[in-house]
Every structure is written in structure tokens, then in C-alpha cells.
Amino acid sequence: MSEQRRTELATNLQAVRERIERACEAAGRSAAGITLVAVTKTWPASDVRLLAELGMQDIGENRDQEARAKVRECADLDLTWHFVGQLQTNKCRSVASYASVVHSVDRLELVRGLSAAAGARGRPLTVLVQVALDDTPGRGGAAPADVVALAGAVAAEPALTLGGLMAVAPLGDDRVSADPDRAFDRLAEIAAVVQQEHPAATWLSAGMTGDLEPAIRHGATHVRIGTALLGHRVSRVG
Ligand SMILES: *Cc1c(COP(=O)(O)O)cnc(C)c1O
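So, how was this worked out
- Residues numbered from 1 in each chain as written.
- Predicted model: local features only at pLDDT ≥ 70, side-chain atom pairs only at ≥ 80, totals over all residues.
- Heavy atoms only, no water.
- Near = heavy atom within 4 Å.
- Polar contact = N/O pair within 3.5 Å; in protein donor to acceptor, adjacent residues only side chain to side chain.
- Areas by Shrake-Rupley, 256 points an atom, 1.4 Å probe, with all protein chains shown as cover.
- Nonpolar A, V, L, I, M, F, W, Y, C, P; charged D, E, K, R; others polar.
- Phe/Tyr/Trp six-rings, centres within 6.5 Å; stacked < 30°, edge-to-face > 60°.
- Lys NZ or Arg CZ within 6 Å of the ring centre and 35° of its normal.
- Buried < 20%, exposed > 50% of the residue type's maximum accessible area, 1.4 Å probe, protein only.
- Helix = DSSP H or I, 4+ residues; strand = E, 2+ residues; numbered from the N terminus.
- Expected span 1.5 Å × (residues − 1).
- Arc of directions from axis to C-beta.
- Contact = heavy atoms within 4.5 Å.
- Lys, Arg positive; Asp, Glu negative; His and termini not counted.
- Salt bridge = Lys/Arg side-chain N within 4 Å of Asp/Glu carboxyl O.

Peer 1: Tell me what's going on with the site of the ligand, and back it up with residues and numbers.
Peer 2: Neighbouring the ligand are Val39, Lys41, Val84, Met166, Met208, Thr209, Arg224, Ile225, Gly226, Thr227 and Arg233. In this structure, Gly226 approaches the ligand through a main-chain N or O atom, which is 2.8 Å from an oxygen atom. Contact between the ligand and Arg233: an oxygen atom at 2.8 Å from a side-chain N or O atom of the residue. Here the ligand loses 88% of its free accessible area of 390 Å² to cover by the protein chains. A breakdown of the residues in the shell around the ligand according to their chemical character gives five nonpolar, three polar and three charged.

This is the structure we're talking about:
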């Protein structure tokens, strides 16, 4: 296992933790209220292992097949796996076999599929409702108008625990449409409405490498960080 990679990850992790601390300080929040999820997609299980040795516990993946292989390779580690990617209905059972949290529930079929799978595994699954903050198709997320109903559907399933909401800030080709502060402010408003009915649904999964500061400013409790921890992913086809 590469000593150089370990040093690189340790340096990156320290820098991310400092960014989180500074953002919390600026927002008058405690960094203890933020869970850092390391998004290890495209990176090998050896990196997950190094991150675990550096004290990370929460690991995020966005593709079932890749996640399943990594979970198997890291079976001896005490990790909490977060599924953060778009999910096909026929993958619910597989994802529920290893994930503790699914961040990306955006339609009723997934609620049903995950509920059945979590019921079969006999351990409740925490679910976040993903909110679409822009109209870009193909990025997942429920329309804001549908979020309260979807949250209610999750909460009604005994096998599921409604954790809260998740969002990805909009992509945009101008500064206004891509303004993460506006997007996360909107998310926080929707979260407040959901929490009126579901006071325990306090998780807000928002913030990635490029926008963790605005996310924390608007109440994120979980930040999902890939690039700043692991480096730039090589883009791949498919
Ligand atoms: C890849 C990914 C991340 C991490 O993004 P970075 O910009 O690399 O930090 C976070 N959330 C989701 C849903 C992702 O797919």
C-alpha cells in the first residue's frame, strides 16, 4: 500500500476538515454537527482502507456494482456506506444489502423497493429524499412540489427511517442559475416544511468539493466530498 498515497489523503483530509471548520465558524455552527462523507467513486478499495485508517467512517458511492465490490473488499472495516447516486428500481435489494443510508430517493417506486429490501434484511434503512433544485434533466431529484408527499411515503414505511433531504447544487452556465447560495436557501426552506411534519428528519445532505461552504451556511449536516479528498476523477464512458 502506497505510503505516498497515504500522505496525500492525510493532507487532503486535513484540508477538508479545516474548510469545514472555517465554514462552521463563519456560520456560527459547530463542526461537530457536520458529517463528512468521503465519496470514493472511481477510486480503489485501497483508498477506502487508507481513509478508514485516517479515521473516516462514512463512505459514499454512486454506482451499485462498483460499491458492492468495494464493500466486499472492505468487509473487515467498520464503515457506514452511503449510496448517493441515481438508483434504478431493480438495484434496491442490492443497495439495501450494504448501505446504511440512501441519499437519492426521488420517486415512489424507490420507496417501495427500498422498503421491501430493508424489511427483508431486518435492519431499518435511513433514506433521504433528493430534491431537484434545477430543471436539468437526468441529475435526479424530486420536484420541490412533490417532496413533502414523498417524505410522508418514506415515513410511513416501518422498514425505512426518514433522515431528511439531499440535493446537488444546480449546474449552470451563468452565475445566477448556478448560484449555490440561492439553491441551498431553497433547499433549507423545503427542509423546514418537511420538518414541521417530521421533526426527526434533521439531515440535510448538501455540499460537494466546490460548494461545501454555502451548503454549511444553509444548514447542511452531511457534506459529500470526493475530489478535494481523493483528487480529480478520470472521466469515464457510461
Ligand atoms: C461525485 C459526487 C459527489 C462528490 O463530488 P465532488 O465534487 O468530487 O466532491 C457528491 N455527491 C454526489 C451525488 C456525487 O455523485
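Peer 1: Run through the packing of aromatic side chains, naming residues and quoting values.
Peer 2: Counting across every chain of the model gives zero aromatic pairs. Here the guanidinium or amino end of Arg5 rests over the ring plane of Trp43, the centre of that ring lying 4.8 Å away.

Peer 1: An account of unusual backbone geometry is needed here, citing residue identities and associated values.
Peer 2: Positive phi, close to 75°, is recorded for Thr42, a residue that is not glycine. Among the residues examined, Thr42 registers a relative accessible area of 30% and is labelled partly exposed.

Peer 1: Tell me what's going on with helix α6 (residues 144-155), and back it up with residues and numbers.
Peer 2: An ideal rise of 1.5 Å per residue puts 16 Å on 12 residues; α6 measures up with 17 Å between its terminal C-alpha atoms. If you check which residues of α6 are buried, you get Val147, Leu150, Ala151, Ala153 and Val154. The arc enclosing the buried residues of α6, seen along the axis, measures out at 155°, which places them on a common side. Away from its buried face, by an angle of more than 90 degrees, α6 presents the exposed residues Ala145 and Ala149. Buried-residue contacts for α6 involve β4 (101-105), α5 (108-121), β5 (125-131), β6 (160-167) and α7 (180-197).

Peer 1: Describe the side chain of Arg224, with residues and values.
Peer 2: If you trace the backbone, Arg224 turns up in strand β8 (residues 222-225). One buried charged residue, Arg224, forms no salt bridge at all, with the nearest opposite charge on Asp211 at 6.7 Å. From its side chain, Arg224 meets the backbone oxygen of Ala167 in a polar contact 3.1 Å long. Side-chain polar atoms of Arg224 contact the side chain of Ser205, separated by 2.8 Å.

Peer 1: If you had to explain the pattern of salt bridges to someone new, which residues and values would you point to?
Peer 2: On inspection of all chains with the given rule, the structure shows 13 salt bridges. For Glu61, the salt bridge is made with Lys70, and the minimal N-O distance between the two is 2.8 Å. Between Asp181 and Arg217 there is a salt bridge, and its shortest N-O distance comes to 2.8 Å. Residue Asp181 is found in helix α7, and its partner Arg217 is found in helix α8 (residues 212-217); the two are separated by 36 residues along the sequence. Judged by relative accessible area, which is 26%, Asp181 ranks as partly exposed. Each of Glu3, Arg6 and Glu53 takes part in one network of salt bridges that share partners.

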